[in-house]
Every structure is written in C-alpha cells, then in structure tokens.
Amino acid sequence: MLTTIPRGTKDILPGTVHEWRYLEEKIRRLCTVFGFEEIRTPMFEHTELFLRGIGETTDVVEKEMYTFSDRSGRSITLRPENTASAVRAYLQNKLYADGNITKLFYIGSMFRYDKPQAGRYREFHQFGVEAIGEQNPLIDAEVIKLGASLLNQIGLNDIKLKINSVGCPKCRPVYRKKLQAFFKDKFDELCEDCQSRFNRNPLRILDCKNPHCRELSIGAPAITDSLCDECSEHFAQLQRHLTAIGVEYALDPRLVRGLDYYTKTAFEFKYTPLGAQSAVLGGGRYDGLIEECGGAPTPAVGFATGLERILLALETQHLLPARKNTCDVFIVAMGENATQPAFKLLHQLRDSNIAASMDYAGRSMKSQMKQANKSGAKYTVIIGDDELSKNIASVRNMKDSEQMEIPFDTLIDKLIFEVNK
Ligand code: HAM
C-alpha cells in the first residue's frame, strides 16, 4: 500500500510531463485567441451543488462521486466535473456584473469513481470552456470550433464531430412520452439500468452501452422530430454557422449526454480507435443550470475534454512531442580541490539564467562525462587540478566535441554568449 497509488490514479512522471505541458500550452494559446479567460475553482465543493447541478439520476451523481463528511459534518464532494463549479463561481463572484458574455476556461483534476481502464481514470484531467450569458447559436458554433481547432492543431484529424439537439423543458416532455411509448413493449428486455431510466430519464436509454439495449433502440423516434420551433431554429442556425466556418459535423439524433443539465445543443468529438472510451470531448448548451443554482435565467454553453484521452490518441498516432533536454551547461569537477570552484560556477551560471548541473558525489571523470552526455548539455566545463593551476577551465562543445581553454575571469560571459547564440 505504501508504495502503490490508489486504483484509477496515475503518476505523471518527469519523462512525460513535457507531453502535458505541450498540450496545456496549445490550450492556453487557443483560449487566448478565442477570448476565453482562465478560472481556477476548488477541487471540492458542497455536495449539494453537484446533486442540483448535474442531476440526481445521472450515473455521475448516483454511482461515481467521491463524497465524504468533513470534520464539521458538512457533506463535501471532490468535483466530478467543472461546469457546476464554474457556474457557482460565476454567481458567487458576480461575473455577470458587466452584462457581457463571460468566457471561462479551466484545466484541472476531476474525480469519478468509475471502473478504471485505458482512457478512464478515477482522477483524470479536463480542459473545459464555459461561455455564460448568451443564447445566440453563434456562441455554440464558436465553442465547437474551439474544440475542433485544438484537435486539429495537435494533428488529430481522424476525429469525428457529432451534434444533436436535446430540446428544452418545453419540447422534451413530448419526446419523453414518445420514447416511453416506443420502449413500453420492450421494457422487460431492457437492462436493469435502462429499466430504471424508463421513468426517470428515458433519453438515457439511447445512450446505453449494453449491445441488446442498443439493438432495442433501433428505430426509436428521433428527438429532432419533436423539437419546438425555437429549438429547431436554434439547431438549424447552429448548423449553418458551423458550415460557414468550415467545421465538419454529422447529425446524431441518438446523442444524449450523461449529465442532466443539457438543453438544445449537444455534441461530442469521437476518436474511434479508443474503443469504449472514444469520447474525447463533449459538451453542449445548459440554459437552465444557472437558474437551477440560484441565479437569474442565463443561457450558457461549453465543453470539456479528457486530457488523458487526447494524449492516448496522440500516442496511438505517434504525434507526441519528443522530450527536450533542458540543461545548458554540465560542470565536471575532477578532484577535491575542484569541487568548490565548480559549485560556485554552477550557481553563478544559474544566477545568470543558465540551466546548469554537476555531479555531487565526486564520481570518476568517465562517469561525470556520461552524465554530461545524458543531460543533453550544450557545453561541458571541465575543472581539475591542471585547470586550477592555470586559472582556466576546459570547455567542450558537446555537439562537435571541440574543446577550448577559457580563463576563469571571462568564463561566465563566454558561456552566456555561447549558450544564447
Ligand atoms: P463529460 O462528457 O462527463 O462532460 O466529460 C467530458 C470529457 O471528460 C469526456 O469526453 C472524456 O474525454 C473525459 N472524461 C470523463 N470521464 C472520464 C474518466 N473517468 N477518465 C478520463 N476521462 C474522462 C462534462 O464533464 C461536462 N462538464 C462538459 C461540459 C462543459 N458541458 C458543458 N460544459
């Protein structure tokens, strides 16, 4: 136990951190380009927020939340997603005050107690965006375009976008009834989960992964045939906007998302080689959530993407960046007399913003040169008794192995010049 992490969690080791940073840098730049600003909310919130926000009949709330009482007996939940928290922060901090649309993005850990497998973890990382305060389908198209641009920029071109409209509280009840009528005769054949969904949330039956339930739902009425005029027009406009900005999509009338807050637009980007975990990015409009959380009726739309899934997709396509060496100068100290001058030089270089390393254990010249090679340093500075007696250092250019002798008093300036060349 002491040396094993909990199931469904992962160490991100120094050998792979550069992959995360690569992705995060792309995300931050793209969000800046699209005018989204970063928000960081706590990793845990009052449980009530997620019960209300996500919906009590969802898998996330029913089966997957990490909920516990803190020492004062308050019910606390590790955030399973960040939309509810973003809405809470929006209301609590009156981010609506200037009357304009509020465009937020976040990157961080989320927690869901789910069965771990490739691409599915109990602690995972999401990048998400939330655009709060605008009902125009232009913003739905903008949010979808942001997702598409990210996947495109990192080279994932095989990803398919599916869109749907899940209606609104006006038209959805009509559709629910139609669905219940469709599944009524098939009820006994549905899986246990779907039987319980039948009354509580029949739309979720369409989303069931059970192959028999999928078969049973063939021929089910499409929600797009039951939309009210407003939802229908919103969906039609969204499609026109997507086409206008060159975003390719396919209509999927079976696409219903796993969280209860969605209204109108729902979408998912899928990367099929990831199998069961093929949903790399998903989102939609949630026009009722802000009111549900105690605010004024406020439309909103957003998405989140699982960074682990994106990295997995990049790995399968050999698109991950190579690890970069970060060391500029490695200092090799030969003999005890050289240790202190080498250590002093190490810190003078660091004070000058040069990435420098040395060996601390007095190892052999051969072993230190090996370390220098492994560090990827551009230059190795060698200091031994011979160099000390002549008041110079031997500096080796690691690229062409050329070696020069540099007087100590000009050494730092010379290295700064060479490294920044
Ligand atoms: P979600 O579909 O539950 O939506 O999650 C979004 C993405 O997070 C998924 O497409 C997937 O890539 C990733 N993900 C979910 N669960 C796991 C897991 N256990 N392990 C690894 N990755 C996972 C939301 O969370 C909504 N808050 C999205 C949203 C934002 N809708 C509107 N605004």
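What you see as residue numbers is a count from 1 along each chain, following the sequence as written. Residues qualify for local features only when their pLDDT is at least 70, as the model is predicted, and side-chain atom pairs are given and counted only at 80 or more; totals for whole chains, interfaces and linings, by contrast, use all residues. Side-chain calculation: all heavy atoms of the structure are included, whereas hydrogens and water are not.

**Observations concerning the packing of helix α1 (residues 14-34) against helix α5 (residues 137-153)**
Packed helix pairs are specified by the crossing angle of their axes together with the interaxial distance, meaning the distance between the axes.
Phase 1: Only the contacting stretch of a helix is used when fitting its axis, a line to C-alpha atoms as for every element, and angles between N-to-C directions run 0 to 180 degrees. Numbering of helices and strands starts at the N terminus; helices are DSSP runs of H or I of at least 4 residues and strands are runs of E of at least 2. Viewed as axis vectors pointing N to C, α1 and α5 meet at an angle of 145 degrees, and their least axial separation amounts to 10 Å. In the packing of α1 onto α5, the handedness of the crossing is right-handed. Residues Lys26, Ile27, Leu30 and Phe34 of α1 lie in contact with α5, whose contacting residues are Glu142, Lys145, Leu146, Ser149, Leu150 and Gln153.
Phase 2: Side-chain classes follow a simple rule in which Ala, Val, Leu, Ile, Met, Phe, Trp, Tyr, Cys and Pro form the nonpolar group, Asp, Glu, Lys and Arg form the charged group, and the remainder, Gly included, forms the polar group. Here the residues of the contact of α1 with α5 sort into five nonpolar, two polar and three charged. Crossings are sorted by hand: turned counterclockwise from the far helix by less than a right angle, the near helix makes the crossing left-handed, and turned clockwise it makes it right-handed. Should any heavy atoms of two residues lie within 4.5 Å, those residues are counted as being in contact.

**So, the site of the ligand**
Phase 1: Around the ligand sit 26 residues, and of these Glu81, Thr83, Glu130, Arg257 and Tyr262 come closest.
Phase 2: Polar contacts, as used here, are pairs of N or O atoms within 3.5 Å; protein pairs need one atom able to donate a hydrogen and one able to accept it. Residues neighboring in sequence count only if both atoms are side-chain atoms. Interatomic distance of 2.9 Å between a side-chain N/O atom of Arg112 and an oxygen atom of the ligand.
Phase 3: Within the side chain of Arg257, a nitrogen or oxygen atom sits 2.7 Å from an oxygen atom of the ligand.
Phase 4: Methods summary: accessible areas were calculated by the Shrake-Rupley approach with a probe of 1.4 Å, and residue burial reflects only the protein chains presented. The fraction of the free accessible surface of the ligand (660 Å²) that becomes covered by protein chains is 94%.
Phase 5: Considering each element in turn, the shell around the ligand owes the most residues, six residues, to strand β10 (residues 279-285).
Phase 6: For the shell around the ligand, a count of residues per class yields twelve nonpolar, eight polar and six charged. Nearness here has a simple test: a residue counts as near a molecule or strand if at least one of its heavy atoms is within 4 Å of that partner.

**Structural notes on the nonpolar core**
Phase 1: By nonpolar core we mean a set of buried residues, namely Ala, Val, Leu, Ile, Met, Phe, Trp, Tyr and Cys, connected to one another through side-chain atoms within 4.5 Å. Only protein chains enter the accessibility calculation, which uses a 1.4 Å probe; a residue is then buried when its area is under 20% of its type maximum, exposed when over 50%, and partly exposed in between. Core analysis: the biggest nonpolar cluster contains 51 residues, and Phe183, Tyr286 and Ile290 have the highest contact counts within it.
Phase 2: Of all the elements, helix α4 (residues 83-92) adds the most residues to this core, at five residues.
Phase 3: Contact partners of Tyr286, with chain neighbours within four places excluded, come to Thr83, Val87, Glu130, Ile132, Tyr261, Thr263, Thr298, Ala300, Val301 and Gly302.
Phase 4: Ranked by size, the runner-up nonpolar core spans 42 residues in total, among them Ile107, Leu156, Phe235 and Leu307.

**Focus on the sheet that holds strand β2 (residues 44-46)**
Phase 1: When DSSP finds two or more bridges between two strands, those strands count as paired. Pairing within the open sheet is antiparallel, and its three strands lie in the order β2-β4-β3. The open sheet is flanked by β2 and β3 (66-69), the only strands paired with a single partner. Going across the sheet, the axis of each strand differs from the next one's by a mean of 30 degrees, ignoring polarity.
Phase 2: As judged from the four bridges shared by β3 and strand β4 (residues 75-78), these two strands associate in the antiparallel manner. In the sheet register, Thr67 faces β4, and the bridge partner there is Thr77.
Phase 3: Against the sheet, helix α2 (residues 47-54) makes contact with β2, β3 and β4, and its axis sits at roughly 80 degrees relative to β2, the strand it touches most.

**Brief notes about the sheet that holds strand β6 (residues 123-132)**
Phase 1: Spatial strand order, β1-β5-β6-β11-β10-β9-β7-β8: eight strands in an open sheet with mixed pairing. With one partner strand each, in any of the chains shown, β1 (37-38) and β8 (250-251) form the two edges of the open sheet.
Phase 2: Relative to strand β11 (residues 300-306), β6 runs antiparallel, the two being bridged by seven bridges. Bridged to Val129 within β11 is Phe303.

**Details of the pairing of strand β5 (residues 102-111)**
Phase 1: Within β5, ten of the ten residues are buried, which leaves it mostly tucked inside the rest of the structure.
Phase 2: Sheet topology note: the β1/β5 ladder contains two bridges and is parallel. Paired with Glu38 across the two strands is Phe105, which belongs to β5.
Phase 3: Pairing geometry for β5 and β6, over ten bridges, is antiparallel. Paired with Ile107 across the strands is Phe127, a residue of β6.

**Overview of the pattern of salt bridges**
Phase 1: Any carboxyl oxygen of Asp or Glu that lies within 4 Å of a side-chain nitrogen of Lys or Arg is treated as forming a salt bridge with it. Taken as a whole, this structure holds 27 salt bridges when the rule is applied.
Phase 2: In this structure, the salt-bridge partner of Glu268 is Arg257, at a minimum N-O distance of 2.7 Å. Taken together, the residues span a long stretch of sequence, with Glu268 in strand β9 (residues 263-270) and Arg257 in the loop between β8 and β9 at a distance of eleven residues.
Phase 3: The exposure class of Glu268 is buried, given its relative accessible area of 10%.
Phase 4: Taking relative accessible area as the criterion, Arg257 reaches 16% and is therefore assigned buried.
Phase 5: Of the charged contacts in the structure, one is a salt bridge between Asp359 and Arg363, with a shortest N-O distance of 2.7 Å.
Phase 6: Since its relative accessible area comes to 5%, Asp359 is described here as buried.
Phase 7: Residues participating in the shared-partner salt-bridge network are Asp140, Lys170, Glu230, Lys264, Arg285 and Asp287.

**Side note on α5**
Phase 1: The end-to-end C-alpha separation of α5 is 24 Å, in line with the 24 Å expected for 17 residues at 1.5 Å each.
Phase 2: The element α5 is largely enclosed, with a buried count of twelve among its 17 residues.
Phase 3: Burial in α5 covers these residues: Pro137, Ile139, Asp140, Ala141, Val143, Ile144, Leu146, Gly147, Ala148, Ser149, Leu150 and Leu151.
Phase 4: Capping the start of α5, Asn136 holds a side-chain oxygen 2.9 Å from the backbone nitrogen of Leu138, two or three residues further along.
Phase 5: Downstream of α5 by a residue or two, Gly155 has a phi angle that is positive, lying close to 95 degrees. A helix is expected to span 1.5 Å for every residue after the first.

**Section: α1**
Phase 1: The end-to-end C-alpha separation of α1 is 31 Å, in line with the 30 Å expected for 21 residues at 1.5 Å each.
Phase 2: Buried residues of α1: His18, Glu19, Trp20, Leu23, Ile27, Leu30, Cys31 and Phe34, and no others.
Phase 3: Summarising the contacts, the buried residues of α1 are in contact with β5, β6, α5 and α11 (307-316).
Phase 4: A positive backbone phi angle near 80 degrees is found at Gly35, which sits one or two residues after α1.

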